[in-house]
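# Coordinate inspection notes
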Amino acid sequence: MNMKPKQPYGNSRNVTKILTGRAYWGMEHVLRKRLRTAPQFVDNIELEAELRGHNGCVNCLQWSDNGRILASASDDFHVMLWDPFRHKQLHDLVTPHEGNIFSVKFLPKRNNSLLVTGAGDCKTFVFDVNRQNDYPIRQCSCHTQRVKRLATSPRNVHMFWSSGEDGLVLQHDLRQPHDCRGQDANVLIDLRSYVFAAPEVKCIAINPQRPEQLAIGANDIYARLYDRRMISPGKVHRSVNGVIEPANVTGVSIPKDGCVKYFCPGHLDSKYQAAQQLGDIYQYKAVTYLTFSPDGTELLANMGSDHIYLYDVTHPRHALFLELPKFPSTPDGGNANGSDCNGGEAGVTVGAEKTKHKFPPDVEQLKKEGNASLEKDQFLQAINKYTQAIEKVNGKDCAIFYLNRATALMKRGWYGDVYAAVRDCHTALRLDPHYVKAHFRLAKALLKLEKSKEAQICLEELVRRFPSYAKNPGILMLEKDIGIEIEKARHRTTLGRNPDIQIENYTEEEKYWRSMSMDYEQRYIGHCNTKTDIKEANYFGDSNYIVAGSDDGNFFIWDRHSGIIHSIFQADELIVNCVQPHPFICMLATSGIDHEVRLWSPQSPEKPALRRVLNVDNVVDDNQTHMQIDPFDSIAPDQAICRAS
């Protein structure tokens, strides 16, 4: 048989196309990204230098595309450009802003010469730093409230976006002239069209891989994701005397279902609706920063008065409260696996352990250490040990670790801990549907979340599946507690004080989007975010770490996959707002209430770790205590002067 030789590259005869199609073409880039945050580097990060020059709080930082220039902007209305390697100031741009500058961006692929700024004077400016003077080459005053964040896209080099506390997102195209007289259809999103209670857009981000995707965070708990291709921009009209009328926006189409998706931690959604009626601290939560992962598949959100949450954009999950797995019946009523720890409930012994799981010695050691920490009420350490054990066994045959971690979470009781325990109980039950303790702990957690009806269903199903536990003292006690809470809820409804009633502050579209909001994949705990509304959270390196500042003057580094704190560093006397990783090397730039910009990089292991915080547990405990204080009570007078919210 006469066979033609196989063409390894199809019909391509172009040498460049063949070379770019080879598998190892991008290996150098991949290797550099991985080495950027190799453990040996991250373990030895320390303060490298302080860049001095500003005379006010430094509210924003931005690296140039090539990583050779760092831009910083401040309350002093200056934008400064720095050489991060020689620790030298390259340019001091005196802007015409009359309010604190909250955002600065390089326009991509413009030789790092074009800068955009947004500030508290409601204006955005575009500057060409190569010009002889500092006068802006473009300006916009279409926002009626403070401009909090700007966004750019490497794939739309002529455009940028601004978000303001007037509830608007504006789209700016440098190829078109602009004079702020309402002739341009530059209003991309108007939250006031479907949220009537004075919405403020706090932050904005463009997906680097899919620039049609735009995410915004507002003064509520939702991260909103839009498809720009399916939205028709509208116009802002001015009144006769030249003043913009706040609600006078026409032609903006309300996004349709299919081009918008909301993300929200599952435990917050129903709580938030009640909080707006009852004046609860939940009403003060806001998304202070958003960013996409480098590959565009994740969305990271820093929430004020709460934690940092990671959402999966491509495969999002719905909130989960009660979804018991199918139960394969067995002649003896099922295997009642149990953990080493009963959770400390008085008089409760649910499910004697019948099957002893044998794990590798290192995993058994983690289990032992986790149990010991739990008995000493060292909950952070216990949770970390169980998490490490889960990672060691790759999530298989480890229902016991999920249940023990759920126990520690419930006993700790920080924001979102009980809901995280609910999720762990569900995972334990998926791994072992016969796990009696997981059924019991799930019912208890649901009750603590004020999901009394779901808790009742869960407990009834436990008794149905395991009849021998019907008279167990712990079961009877929990059944009584659930009955009491159901009666209380019925009494509140009778008196007309049902916390589940929603305030009519939204359109039907908004109610629907909120009801369909997607849950988080991972959360990062430890920092405190109550005193400013510009606090960031970013990916570090090859997306292996998450970094963010804190009200205690520290910045944190977390392991992205496990959520465990890797390290904490003292970076500011008061508050760290900005933590911006260098695009190519293991270097971080931080800023906050102090007037200095600080650079961090790996230093010699022989040098003392002067800035690294050692008492992690105490720092985290203090931050969580402050997080649950009324945010307005927690602001000292001297800090309130420089407060960015």
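Residues numbered from 1 in each chain as written. Predicted model: local features only at pLDDT ≥ 70, side-chain atom pairs only at ≥ 80, totals over all residues. Heavy atoms only, no water.

## Details of the confidence of the model for the protein
- Summing up the model confidence of the protein, the mean pLDDT is 85 and the portion of residues at 70 or higher is 80%.
- Note on residues 15-25: pLDDT is under 50 here. Beyond four places in sequence and across chains, it has 6 contacts.
- Below a pLDDT of 50 lies the segment residues 350-355, which in the model reaches 22 contacts outside its immediate sequence neighbourhood of four places, other chains included. (pLDDT = per-residue confidence, 0-100. Contact = heavy atoms within 4.5 Å.)

## Some thoughts on the packing of aromatic side chains
- The full count for this structure, using the stated rule, is 16 aromatic pairs.
- A centroid spacing of 6.4 Å and a plane angle of 80° characterise the contact between F466 and Y469, whose relative ring orientation is edge-to-face. For the pair formed by F466 and Y469, the shared burial category is buried.
- On the numbers, 5.2 Å between centres and 20° between planes, the contact of F555 with F569 is stacked. Pair noted here: F555 is in strand β28 (residues 554-559) and F569 is in strand β29 (residues 565-570), with a separation of 14 residues, a long-range link. We note that F555, like F569, is buried.
- By way of ring pairs, the aromatic residues Y194, Y222, Y262 and W513 are connected into one cluster.
- The aromatic ring of Y415 is capped on one face by K285, whose charged end is 3.9 Å from the ring centroid. (Phe/Tyr/Trp six-rings, centres within 6.5 Å; stacked < 30°, edge-to-face > 60°. Buried < 20%, exposed > 50% of the residue type's maximum accessible area, 1.4 Å probe, protein only. Helix = DSSP H or I, 4+ residues; strand = E, 2+ residues; numbered from the N terminus. Lys NZ or Arg CZ within 6 Å of the ring centre and 35° of its normal.)

## Points about helix α6 (residues 379-392)
- In this model α6 runs 20 Å from its N-terminal to its C-terminal C-alpha over 14 residues, within 8% of the 20 Å that 1.5 Å per residue would give.
- Listing the buried residues of α6 in full gives F379, L380, A382, I383, N384, Y386, T387, A389 and I390.
- Buried-residue contacts for α6 involve α5 (361-375), α7 (399-412) and α13 (616-627).
- Following α6 by one or two positions, N394 adopts a phi angle in the positive range, close to 60°. (Expected span 1.5 Å × (residues − 1).)

## Brief notes about a nonpolar patch on the surface
- Residues F85, F584 and I585 make up a contiguous nonpolar surface patch of about 250 Å² in total accessible area.
- For I585, the position within the fold is in the loop between β30 (576-581) and β31 (588-592). (Patch = residues over 30% accessible without salt bridge, like charges linked within 9 Å, V, L, I, M, F, W, Y side chains within 5 Å. Areas by Shrake-Rupley, 256 points an atom, 1.4 Å probe, with all protein chains shown as cover. Salt bridge = Lys/Arg side-chain N within 4 Å of Asp/Glu carboxyl O.)

## Describing the sheet that holds strand β6 (residues 101-106)
- Spatially, 4 strands are ordered β6-β7-β8-β9 in an open sheet, and the strand pairing comes out antiparallel. Each edge of the open sheet carries a strand with a single partner, namely β6 and β9 (138-140). The average undirected angle you get between the axes of adjacent strands in this sheet is 15°.
- The sheet contact formed by strand β8 (residues 124-128) and β9 spans 3 bridges and is antiparallel. The partner of V126 across the bridge, within β9, is R138. (Pairing = 2+ DSSP bridges. Axes fitted to C-alpha atoms, helices over the stretch in contact; angles between N-to-C directions.)

## So, unusual backbone geometry
- Of note, F77 is a non-glycine position whose phi angle comes to about 70°, a positive value.
- In this fold, F77 is placed in the loop between β3 (70-74) and β4 (78-83).
- You can call F77 partly exposed: its relative accessible area is 28%.
- In this model, E450 sits at a positive phi of 65°, which is unusual for a non-glycine residue.
- The exposed category is assigned to E450, whose relative accessible area is 59%.

## Quick word on the packing of α7 against helix α9 (residues 436-448)
- Running from N to C, α7 and α9 cross one another at 25°; their axes reach a closest spacing of 11 Å. Comparing the axis directions of α7 and α9 gives the class roughly parallel. As α7 runs across α9, the sense of the crossing is left-handed. Between α7 and α9, the residues in contact are L403, T407 and M410 and K437, A438, R441, K444, A445 and K448, respectively.
- Looking at the contact of α7 with α9 residue by residue, the class counts come to 4 nonpolar, 1 polar and 4 charged. (Parallel < 35°, antiparallel > 145°, perpendicular 65-115°, else oblique. Left-handed = near helix turned anticlockwise from the far one by under 90°. Nonpolar A, V, L, I, M, F, W, Y, C, P; charged D, E, K, R; others polar.)

## Thoughts on the nonpolar core
- Grouped together as the largest cluster of nonpolar side chains are 94 residues, with contacts concentrated most on I189, L214, I216, Y226, L290, L299 and F401.
- Ranked by residue count, the leading element in this core is α7, at 9 residues.
- With near-sequence residues (within four places) excluded, I216 lies in contact with V169, I189, L191, V201, C203, I204, Y222, A223, R224, Y226 and L290.
- Counting 18 residues, the second largest nonpolar core, distinct from the first, contains W414, Y524, I525 and I565. (Core = buried A, V, L, I, M, F, W, Y, C linked by side-chain atoms within 4.5 Å.)

## Side note on the side chain of D424
- Its place among the elements puts D424 in helix α8 (residues 417-431).
- D424 gets classed as buried once you look at its relative accessible area, which sits at 5%.
- For D424, the residues in contact, after removing those within four places along its chain, are Y402, R405, A406 and L409.

## Considering the sheet that holds β29
- Across the sheet, which stays open at both edges, the 4 strands sit in the order β26-β27-β28-β29 with antiparallel pairing between neighbours. One side of each edge strand has no neighbouring strand; the edge strands of this open sheet are β26 (537-540) and β29. For this sheet, the mean inter-axis angle between neighbouring strands, taken without regard to orientation, is 20°.
- The pairing of strand β27 (residues 545-549) with β28 spans 5 bridges and is classified as antiparallel. Bridge pairing in β28 links V547 to I557.

## Some words on the environment of V393
- Looking at the element boundaries, V393 is found in the loop between α6 and α7.
- Put simply, V393 and P360 are 33 residues apart on the chain and 8.8 Å apart in space, counted from C-alpha to C-alpha.
- Apart from the residues within four sequence positions on either side, V393 is in contact with F359, V363 and C398.

## Looking at the pairing of strand β5 (residues 88-94)
- Pairing of β4 with β5, which is carried by 6 bridges, proceeds in the antiparallel orientation. Of the residues in β5, the one forming a bridge with V79 is L93.
- With antiparallel pairing between neighbouring strands as the criterion, β4 and β5 make up a hairpin whose turn holds 4 residues, including H87 at a positive phi of roughly 55°.

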